[in-house]
Every structure is written in structure tokens, then in C-alpha cells.
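Report on the structure
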Amino acid sequence: MVKQSFLPSKIVVVNDQSTDSTPNIVQKFIEDHPFIHLKNTTSSEAHQPGSKVINAFNTGLAELDENYDLICKFDADLIFPENYLKTIVEIFKKDPKIGMAAGHCTIKKNGEWIIENLTDKDHIRGALKAYRKGCFKEIGELKAAMGWDTVDELLAQFHGWTIETTEKLHVKHLKPTGANYNTKASRYKQGKAFYRLGYGLLITTIASAKLATLKNDLSLFPAYLKGYFQAKKTNETLLVSKEEAKFIRALRWKKMKAKVFK
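Residues numbered from 1 in each chain as written. Predicted model: local features only at pLDDT ≥ 70, side-chain atom pairs only at ≥ 80, totals over all residues. Heavy atoms only, no water.

**Considerations on the nonpolar core**
Stated formally: Definition used in this section: a nonpolar core is a set of buried Ala, Val, Leu, Ile, Met, Phe, Trp, Tyr and Cys residues joined via side-chain atoms within 4.5 Å. Think of it in three bands: residues with accessible area under 20% of the maximum for their type are buried, residues over 50% are exposed, and the middle band is partly exposed, with areas taken using a 1.4 Å probe on protein chains only. Start and end points for every domain follow an automatic or database-based domain assignment. Between two residues, a contact is recorded if the distance between any of their heavy atoms is within 4.5 Å.
In this structure, Tyr84, Ile88, Leu128, Tyr131, Ile139 and Leu142 are the most contacted members of the largest nonpolar core, which totals 47 residues. When residues of this core are assigned to domains, at least three map to each of domain 1 (11-173) and domain 2 (184-261). Residue contacts for isoleucine 88: discarding those within four places in its chain leaves Ala101, Ala102, Gly103, Ala130 and Leu169.

Listed below in C-alpha cells is the structure:
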């Protein structure tokens, strides 16, 4: 971040029980870069999908004032090209209706850095979110639950904002998505997330089949569906309102039809 051609006005590093001397490393950077701030926090040791990372983000968010135009949530395991922030700022400047923007996460495979393929390229990965202030405010608080990095985009579009990704920016993602999750504990959580997003059974079935295929593990398909029905049986609270859920389903169908009839 300190090598960016466009420097941020403030960086808050949230240190959540790290074991790699993060505080000492950050303090050394603070000596030369006073816009960097360190916030130590203690949360549950369990790395639950969604909740832990958003709780950490909210801890950092509490350190900020209202004097900003763009706000970013970046994971610690990323290496950015030096023109990353400059390019993101240029994207936001070209259209006032762009509410979120990002490049693409890449992972190292067979000696080459390739784009992670678990989602469509028009989706912004949770690791590198950038929001316009107006969009961030309309979305409301990021949801401390699995699926937060999908619901934020869906709610942004519900409020009339657009999402933009660019092939010009490749960010190195050092740990594959979900590498720290307990597989047995979280394999049903994806289906529960689909339920809480208001997808409904048919969209959940399609999304589950697609994701299981992309992960090259078809045993995940019934697990996702089981998670969906578990959430439905216990009537888990949706992450969105009924009106928002209706919009989300219509948006999902529109996107799927566009792919079929393109």
C-alpha cells in the first residue's frame, strides 16, 4: 500500500490475534507513514466464514471519521500492483453511479498466477472491496455472515448503483479462498447463505451445482442443498428484506437468462 502511485489518506491495520509480529511490523511502517494506524482486537479464534472478517472490518471502521470519498476493505494476504488505487479512483471518477469497483484476485497454480474462477468476473471478491461513500452508506452495515460479499453487491444494485471490475488489475491472493475454514463445520454454510440471501430453492439449486462444479467436488452439491433446507426448517433470519429478496431473485434470473441467450 505504501508503494501505491496514489496513496490512501488513512490505513487502519486491524490486528486480530496475529502470531506473526504484526504490531511490530506495523509500528515500523508508522514511523515513516503517519497515515497508517494500528488497532489491536480480540475476537473468537474460530475462523468462521464471513463473521470474523467483518467483525475485524467493523473494528477498523470505528476508527474512521466521515471525511472520506472511498472506503476499502482489503485482506492481509494480498499483493497489489502499484497502480491499483490510482486505477480504482479513475474508475469511480468516470461515472458517479459506480458504487463498487475492484480488480481480480489471482492465485498461483503450476507456477503461474491465474484468476480465481469460483465466481463470475463481474463479481468483486470479498478480499478486495472498494466502495463509494454514498453506496457504502445505502448498503448499511456489512453483514457479519457468510454471503456478505454477495449481498453487498446485490443491495448496491437494489439502490441503483453499478458494480465494475477491471481486467487491468491483477492482485495476488496468497491463500486460496476458504483455506482457513473448517470443511466439516462450513460445508453446509454455503446453502444456508443462499437461503439467507433470499434466493429461493430453484436459484439455490442452480447456484449450488455451479459452485460445486467450480470447486471440482460434486459432493458439495447435496451438502449445499442440505444447508439450505436446514436454514429453511429453522426459519433463519434473512440478510435482506422481502422487497430486497424479490429484487435479488429477479436480478439473478435476468443474469442467468442473459448467459443462456447471449
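**Looking at the pattern of salt bridges**
This is how it is decided: The salt bridge criterion pairs a side-chain nitrogen of Lys or Arg with a carboxyl oxygen of Asp or Glu, the two atoms within 4 Å. The helix count covers DSSP runs of H or I at least four residues long, the strand count covers runs of E at least two residues long, and both are numbered beginning at the N terminus.
The final tally for this structure, using the stated rule, is 14 salt bridges. Put simply, aspartate 16 and lysine 52 hold a salt bridge, and the shortest N to O gap is 3.2 Å. You can see aspartate 16 sitting in strand S1 (residues 11-16) and its partner lysine 52 sitting in helix H2 (residues 51-61), a full 36 residues away along the chain. Summarising the burial analysis for this pair, aspartate 16 and lysine 52 share the class buried. A salt bridge links lysine 94 to glutamate 164, with the nearest nitrogen and oxygen atoms 2.6 Å apart. Within this pair, whereas lysine 94 is found in helix H3 (residues 84-94), its partner glutamate 164 is found in strand S8 (residues 162-173), the two being separated by 70 residues in sequence. Residues joined by salt bridges that share partners form a network here, namely Asp120, Asp122, Lys210, Lys255 and Lys259.

**Let's talk about the packing of aromatic side chains**
To keep things clear, this is the line we draw: Stacked, tilted and edge-to-face are the three classes assigned to paired rings of Phe, Tyr and Trp, where Trp is represented by its six-membered ring and a pair needs centres within 6.5 Å; plane angles under 30 degrees give stacked, over 60 edge-to-face, the rest tilted. Over a ring means this: the NZ of a Lys or the CZ of an Arg is within 6 Å of the ring centre and within 35 degrees of the ring normal.
Per the counting criterion, the structure on display carries nine aromatic pairs. Centroid distance phenylalanine 74 to tyrosine 84: 6.1 Å. Interplanar angle 80°. Geometry classified as edge-to-face. One end of the pair, phenylalanine 74, is in strand S3 (residues 70-74); the other, tyrosine 84, is in helix H3, with ten residues separating them in the sequence. Judged by its relative accessible area of 24%, phenylalanine 74 falls in the partly exposed class. Cluster of aromatic residues (ring-pair linked, three or more members): Phe57, Tyr131 and Phe136. The lysine or arginine in question, lysine 97, covers the ring of tryptophan 161, its NZ or CZ lying 4.6 Å from the ring centre. Against the face of tyrosine 68 rests lysine 133, its NZ or CZ located 5.1 Å from the ring centre.

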